[in-house]
Amino acid sequence: MNKIRVVVWGENVHEQKSEAIRKVYPEGIHQCIANGLSVDETFDVGTATLRDPEHGLPQNRLADTDVLIWWGHVAHAEVADAIVERVQKRVLEGMGLLVLHSGHYSKIFKRLMGTTCSLIWREAGEKERLWVCNPGHPIAQGIKAYFEVPHEEMYGEPFGIPAPEETVFLSWFAGGEVFRSGCCWKRGNGKIFYFRPGHESFPTYRQPEVQTVIRNAVHWLAPEGARWVDAIPNVKVSPEGIRQE
Ligand code: ZN
């Protein structure tokens, strides 16, 4: 069986600049997420960061990527438009995209959604309870009726996204807000999943349930069929008006 080729893209800015964040993720958020994936032997996992040449996403690497995971926060504007273009093209061809937490405001997510992707937020380290909306969904396997993250940043509705094709998780926060925290879409031939938890100052990506959801999401996002290459052929017709192959 061919392995699912995963690239975890992390901005890697907070971890470099802030001692407090480095204490939570000394290995980097992207590497912590990658480590959580590596226990699944059907994955071939790599990482990429903003400061790598071409943000670690050169054409040939993206061409060989099945699922891209995106974590960004303070440096969305530094992501080159040419790379956003390139990632969007690969999603339309069939590459899966998992957008995490503050990636809701990344250029690539906003491009693929076509909406504001805005939300309300509060950083108070409060409890988040993620309810499973569809216990039969592949991304919810191994999760009970709900799970809790003890300390997280709050994201609340309204969330400026197009209505999800399926909502797998709905979050409730101790402050009373709710949020669509696990959302599925398809764009072209590619699947997209947005998963909310993962503020940089909390060790959320070390939590087993969160790691389970991310592994499940990678399986769900992996391309099912062939690549859809947008070749734009000029089709010939015979004098009778019949299409010629
Ligand atoms: Zn955050």
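The structure we're discussing is the one just above.
What comes next concerns the included structure. Predicted model only: the values in this text are computed from it and were never measured.

1. Observations concerning the pattern of salt bridges
Move 1: All told, the structure shown has 19 salt bridges when counted by the stated rule.
Move 2: One salt bridge in this structure joins glutamate 152 and arginine 196, with 3.2 Å as the shortest N-O distance. You can see glutamate 152 sitting in strand 6 (residues 146-156) and its partner arginine 196 sitting in the loop between strand 9 (190-195) and helix 7 (208-221), a full 44 residues away along the chain. No difference in accessibility class separates glutamate 152 from arginine 196, as the two residues are buried.

2. What about the coordination of the zinc ion?
Six octahedral donors around a metal ideally sit at 90 or 180 degrees from one another, while four tetrahedral donors ideally sit at 109.5 degrees.
Move 1: Protein coordination at the zinc ion comes from His101 (NE2), Glu153 (OE) and His199 (ND1), with a distance range of 2.0 to 2.2 Å.
Move 2: The sequence pattern formed by the donor residues of the zinc ion is H-x51-E-x45-H. You can see histidine 101 sitting in the loop between strand 4 (96-100) and helix 6 (107-113) and its partner glutamate 153 sitting in strand 6, a full 52 residues away along the chain. The pair formed by histidine 101 and glutamate 153 is uniform in burial state, with each residue classed as buried.

3. Details of the packing of aromatic side chains
Move 1: As enumerated under the stated definition, the model contains eleven aromatic pairs in all.
Move 2: Note on tryptophan 131 and tyrosine 146: the rings are 4.7 Å apart at their centroids and 55° apart in plane angle, and the pair reads as tilted. Linking tryptophan 131 in strand 5 (residues 120-132) with tyrosine 146 in strand 6, this pair joins segments that are 15 residues apart in sequence.
Move 3: The partly exposed category is assigned to tryptophan 131, whose relative accessible area is 37%.
Move 4: Grouped by ring-pair contacts, the aromatic residues Phe109, Tyr155, Phe159, Phe179, Trp185 and Tyr194 constitute a single cluster.
Move 5: The positively charged end of arginine 129 is found above the aromatic ring belonging to tyrosine 146, 4.6 Å away from the centroid.
Move 6: Residue placement shows arginine 196 over the ring face of tyrosine 155; its charged tip is 4.9 Å from the ring centre.

4. Observations concerning the state of the cysteines
Move 1: Under the definition given, this model contains zero disulfides.
Move 2: The thiol of cysteine 133 is not disulfide-bonded; the next cysteine sulfur, from cysteine 183, is found 8.7 Å away.
Move 3: As a non-bridged cysteine, cysteine 184 has cysteine 183 as the owner of its nearest cysteine sulfur, 7.5 Å distant.
Move 4: Taking relative accessible area as the criterion, cysteine 184 reaches 3% and is therefore assigned buried.

5. Quick word on the sheet that holds strand 5
Move 1: A sheet is described by the order of its strands in space; here nine strands give the open sequence 2-1-3-4-9-8-7-5-6, paired in mixed fashion. What marks the edges here is a single partner per strand, and that holds for strand 2 (43-49) and strand 6. Ignoring strand direction, the axes of neighbouring strands in this sheet form an average angle of 25°.
Move 2: Relative to strand 7 (residues 166-173), strand 5 runs antiparallel, the two being bridged by five bridges. Counted as the bridge partner of arginine 129 is tryptophan 172 from strand 7.

6. Some points on the pairing of strand 8 (residues 178-187)
Move 1: Counting buried residues in strand 8 gives seven out of ten residues, a clear majority hidden from the surface.
Move 2: As paired strands, strand 7 and strand 8 are joined by six bridges and run antiparallel to one another. Looking at the pairing, serine 171 lines up with phenylalanine 179 of strand 8.
Move 3: Between strand 7 and strand 8, which pair antiparallel and follow one another directly, the connecting turn spans four residues, one of which, glycine 176, has a positive phi of 110°.
Move 4: Following strand 8, the chain reverses through two residues before pairing antiparallel with strand 9; glycine 188 in that reversal takes a positive phi of roughly 60°.

7. Things to note about the nonpolar core
Most often, soluble globular proteins have nonpolar side chains that are buried together.
Move 1: Judged by nonpolar contacts, the single largest core of 37 residues is most densely connected at Ile69, Phe169, Phe193, Phe195, Tyr205 and Ile214.
Move 2: Ranked by residues supplied to this core, first place goes to helix 7 with seven residues.
Move 3: In this view, tyrosine 205 contacts Tyr25, Ile29, Cys32, Ile33, Trp71, Leu100, His101, Pro197, Gly198, Val210, Gln211 and Ile214; residues no more than four positions away in its chain are not counted.
Move 4: Formed by 34 residues, the second largest nonpolar core is a distinct cluster that contains Leu68, Val79, Met113 and Ile161.

8. A look at unusual backbone geometry
Move 1: Note the cis peptide between glutamate 157 and proline 158, where omega equals 10°.
Move 2: Tracing the sequence through the fold places proline 158 in the loop between strand 6 and strand 7.
Move 3: Here the phi dihedral of histidine 55 falls at roughly 55°; this positive angle occurs in a residue that is not glycine.
Move 4: The class for histidine 55 is buried, based on a relative accessible area of 10%.
Move 5: For cysteine 117, which is not a glycine, the phi torsion comes out positive at approximately 60°.
Move 6: Given a relative accessible area of 0%, cysteine 117 falls into the buried group.

What counts, and at which threshold
Residues numbered from 1 in each chain as written. Predicted model: local features only at pLDDT ≥ 70, side-chain atom pairs only at ≥ 80, totals over all residues. Heavy atoms only, no water. Salt bridge = Lys/Arg side-chain N within 4 Å of Asp/Glu carboxyl O. Helix = DSSP H or I, 4+ residues; strand = E, 2+ residues; numbered from the N terminus. Buried < 20%, exposed > 50% of the residue type's maximum accessible area, 1.4 Å probe, protein only. Donors = N, O, S within 2.8 Å, 3.2 Å for Na, K, Ca; no water. Phe/Tyr/Trp six-rings, centres within 6.5 Å; stacked < 30°, edge-to-face > 60°. Lys NZ or Arg CZ within 6 Å of the ring centre and 35° of its normal. Disulfide = S-S within 2.5 Å. Pairing = 2+ DSSP bridges. Axes fitted to C-alpha atoms, helices over the stretch in contact; angles between N-to-C directions. Core = buried A, V, L, I, M, F, W, Y, C linked by side-chain atoms within 4.5 Å. Contact = heavy atoms within 4.5 Å.

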